[in-house]
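In case you want the letters, here they are:
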Amino acid sequence: MAIGLATCAAPVEPPATIPGDAAAQADPLPSWNDGGSKRAIVAFVARVTNERGADFVQQAERVAVFDNDGTLWIEQPMYVQLAFTLDRVRELAPQHPEWSEREPFKSVLAGDLVAALADEHRVLEMLAATHFGNTTEEFSAAVERWIGSARHPRFARPYTQLVYQPMLELLAYLRTNGFKTYIVSGGGVEFMRPWAEAAYGIPPEQVVGSRAKLEYQVRDGLPVIARLAEVDHVDDKAGKPVGIQEIIGRRPIAAFGNSDGDFEMLEWTTAGKGARFGLIVHHTDADREWAYDRGSPVGALARALDAAPARGWVVVDMKQDWKVVFPGG
């Protein structure tokens, strides 16, 4: 996701199924059908954790990175952070009477989302108006409030219940085998941190994303971290390997994505020495979720899909490879 930086927070409602102890399961990936994708995952983990094998990787170097939107949770019909942004415009509108006559806010308030989202400039203007000028604690509280009450327009469930059950199992399986799992997303890092640990078992310090510039300030005698109206880093496409290096400081040995925004992360990860693993979640299930790839305005997948066979990246067919999509079936 390339939406950039976000500003809201609310009590997180955890998914129906939370990553569990994979070691306690006879099959650590029960929501995966027994096919090539599942076998490739298990074989890779076995290779890098076999102390007597040629591909053994020390535990400290077992770093796995996951895109968020479309890889760990739903991203249709729009990125979740964009849905938050639109609701944030409506929430803040009483404080900005001028928005009733100013685009793109006028269109949002009138319910005309086609006009409101007509171009990237309009999206960026809404992000700037709704995401900056507050403190990190204020922003986190806004996100927590929203994530705790918002519902997906199609499924009528909290967004934190629309995480992918097979990927929750994969995260748990990797951690049980000594991997450290990170989110590396184009979404705003401060948007994801308030709920990522409850949803995925990934703590705030292991979330890498797009970010605003921050500044230490003292307001009313209290020290705060202020979110400035400037972008510090866009964690999408070529920005993902840069963000990984800046925040994690190790080249991962496994990367998981779903769109062309993840191409460089997959490329950089799998170009390293030793055993490497790249995986793409291909959305092929219109009945249980969505089917999309080339030409999609959200999560477009073309370049990475074409490159996958030659680069040895595993392509997960959601319809064929997953027994269930969301927790609870």
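Nothing here was measured: the structure is a model prediction, and the numbers come from that model.

1. Observations regarding the nonpolar core
Soluble globular proteins tend to pack their nonpolar side chains together in the buried interior.
Here is step 1: In terms of nonpolar packing, the biggest core is built from 69 residues, with Leu170, Phe191 and Tyr200 touching the most fellow members.
Here is step 2: Among the nonpolar cores identified, the runner-up in size contains 18 residues, and Val63, Leu266, Ala307 and Ala308 belong to it.

2. Details of the packing of helix H6 (residues 136-149) against helix H8 (residues 189-200)
What describes two packed helices is the angle between their axes and the distance between those same axes.
Here is step 1: Across the interface, H6 lies against H8 with an axial gap of 9 Å and an inter-helix angle of 60°. The orientation of H6 relative to H8 falls into the category oblique. Viewed along their axes, H6 and H8 form a crossing whose handedness is right-handed. Listed contacts from H8 to Thr136, Phe139, Ser140, Val143, Glu144, Trp146 and Ile147 of H6 are Glu190, Phe191, Pro194 and Trp195.

3. Brief notes about the packing of helix H9 (residues 239-247) against helix H10 (residues 263-270)
Here is step 1: Contact pair H9 / H10: the axes reach a minimum separation of 7 Å and the direction vectors enclose 55°. It follows that H9 is oblique to H10 by the angle criterion. Touching Lys240, Pro241, Ile244 and Gln245 of H9 are Glu264, Met265 and Trp268, all from H10.
Here is step 2: Per-class residue counts for the contact of H9 with H10 are 4 nonpolar, 1 polar and 2 charged.

4. Focus: the pairing of strand S1 (residues 63-66)
Here is step 1: With burial as the criterion, each face of S1 is covered, one bearing Val63 and Val65 and the other bearing Ala64 and Phe66.
Here is step 2: Note that S1 and strand S2 (residues 180-188) share 4 bridges and pair parallel. For alanine 64, the partnering residue across the bridge sits in S2 and is threonine 181.
Here is step 3: Bridging between S1 and strand S5 (residues 254-257) involves 3 bridges; their strand directions are parallel. Across the sheet, residue phenylalanine 66 finds its bridge partner in S5, namely phenylalanine 256.

5. Some points on the confidence of the model for the protein
Here is step 1: In the predicted model, the protein carries a mean pLDDT of 93, and the fraction of residues at 70 or more is 92%.
Here is step 2: Counting contacts from residues 2-25, a segment whose pLDDT is below 50, to residues more than four positions away or on other chains yields 109 contacts.

6. Side note on a nonpolar patch on the surface
Here is step 1: Residues Leu214, Tyr216, Val218 and Ile225 make up a contiguous nonpolar surface patch of roughly 400 Å² in combined accessible area.
Here is step 2: It is strand S3 (residues 207-219) that contributes the most residues to the nonpolar patch, 3 residues altogether.
Here is step 3: Residue class for valine 218 comes out exposed when judged on its relative accessible area of 55%.

7. Some remarks on unusual backbone geometry
Here is step 1: The amide bond that connects glutamine 76 to the next residue, proline 77, takes the cis arrangement and shows omega of 0°.
Here is step 2: The residue after glutamate 103, namely proline 104, is reached through a cis peptide bond having omega 5°.
Here is step 3: Secondary-structure assignment places proline 104 in the loop between helix H2 (80-92) and helix H3 (105-110).

8. What to know about the packing of aromatic side chains
Here is step 1: Enumeration over the complete set of coordinates arrives at 20 aromatic pairs.
Here is step 2: Measuring from centroid to centroid gives 4.2 Å for phenylalanine 66 and phenylalanine 256, while their planes differ by 10°, and the two rings are stacked. Residue phenylalanine 66 is found in strand S1, and its partner phenylalanine 256 is found in strand S5; the two are separated by 190 residues along the sequence. Each member of the pair, phenylalanine 66 as well as phenylalanine 256, carries the same accessibility label: buried.
Here is step 3: Pairing phenylalanine 256 with phenylalanine 277 gives two aromatic rings, centres 5.9 Å apart and planes at 45°, and the pair type is tilted. On the criterion of sequence distance, the pair formed by phenylalanine 256 in strand S5 and phenylalanine 277 in strand S6 (residues 277-282) is long-range, its members being 21 residues apart. As far as the burial class goes, phenylalanine 256 and phenylalanine 277 line up, both buried.
Here is step 4: Taken together, the ring pairs connect Trp73, Phe84, Phe139, Trp146, Tyr159, Phe191, Trp195 and Tyr200 into an aromatic cluster.

9. Some words on the pattern of salt bridges
Here is step 1: By the definition in use, this model includes 20 salt bridges.
Here is step 2: For the salt bridge of aspartate 87 with arginine 90, the shortest nitrogen-to-oxygen distance reads 2.6 Å. With aspartate 87 and arginine 90 both in helix H2 and 3 residues apart, the pair spans about one turn of that helix.
Here is step 3: For arginine 193, the salt bridge identified is with glutamate 190, shortest N-O distance 3.7 Å. Here the residue arginine 193 and the residue glutamate 190 both occupy positions in helix H8, the gap between them amounting to 3 residues, near one helical turn.
Here is step 4: Sharing partners across several salt bridges, the network here consists of Asp67, Lys240 and Asp262.

Parameters and conventions
- Residues numbered from 1 in each chain as written.
- Predicted model: local features only at pLDDT ≥ 70, side-chain atom pairs only at ≥ 80, totals over all residues.
- Heavy atoms only, no water.
- Core = buried A, V, L, I, M, F, W, Y, C linked by side-chain atoms within 4.5 Å.
- Buried < 20%, exposed > 50% of the residue type's maximum accessible area, 1.4 Å probe, protein only.
- Axes fitted to C-alpha atoms, helices over the stretch in contact; angles between N-to-C directions.
- Helix = DSSP H or I, 4+ residues; strand = E, 2+ residues; numbered from the N terminus.
- Parallel < 35°, antiparallel > 145°, perpendicular 65-115°, else oblique.
- Left-handed = near helix turned anticlockwise from the far one by under 90°.
- Contact = heavy atoms within 4.5 Å.
- Nonpolar A, V, L, I, M, F, W, Y, C, P; charged D, E, K, R; others polar.
- Pairing = 2+ DSSP bridges.
- pLDDT = per-residue confidence, 0-100.
- Patch = residues over 30% accessible without salt bridge, like charges linked within 9 Å, V, L, I, M, F, W, Y side chains within 5 Å.
- Areas by Shrake-Rupley, 256 points an atom, 1.4 Å probe, with all protein chains shown as cover.
- Salt bridge = Lys/Arg side-chain N within 4 Å of Asp/Glu carboxyl O.
- Phe/Tyr/Trp six-rings, centres within 6.5 Å; stacked < 30°, edge-to-face > 60°.

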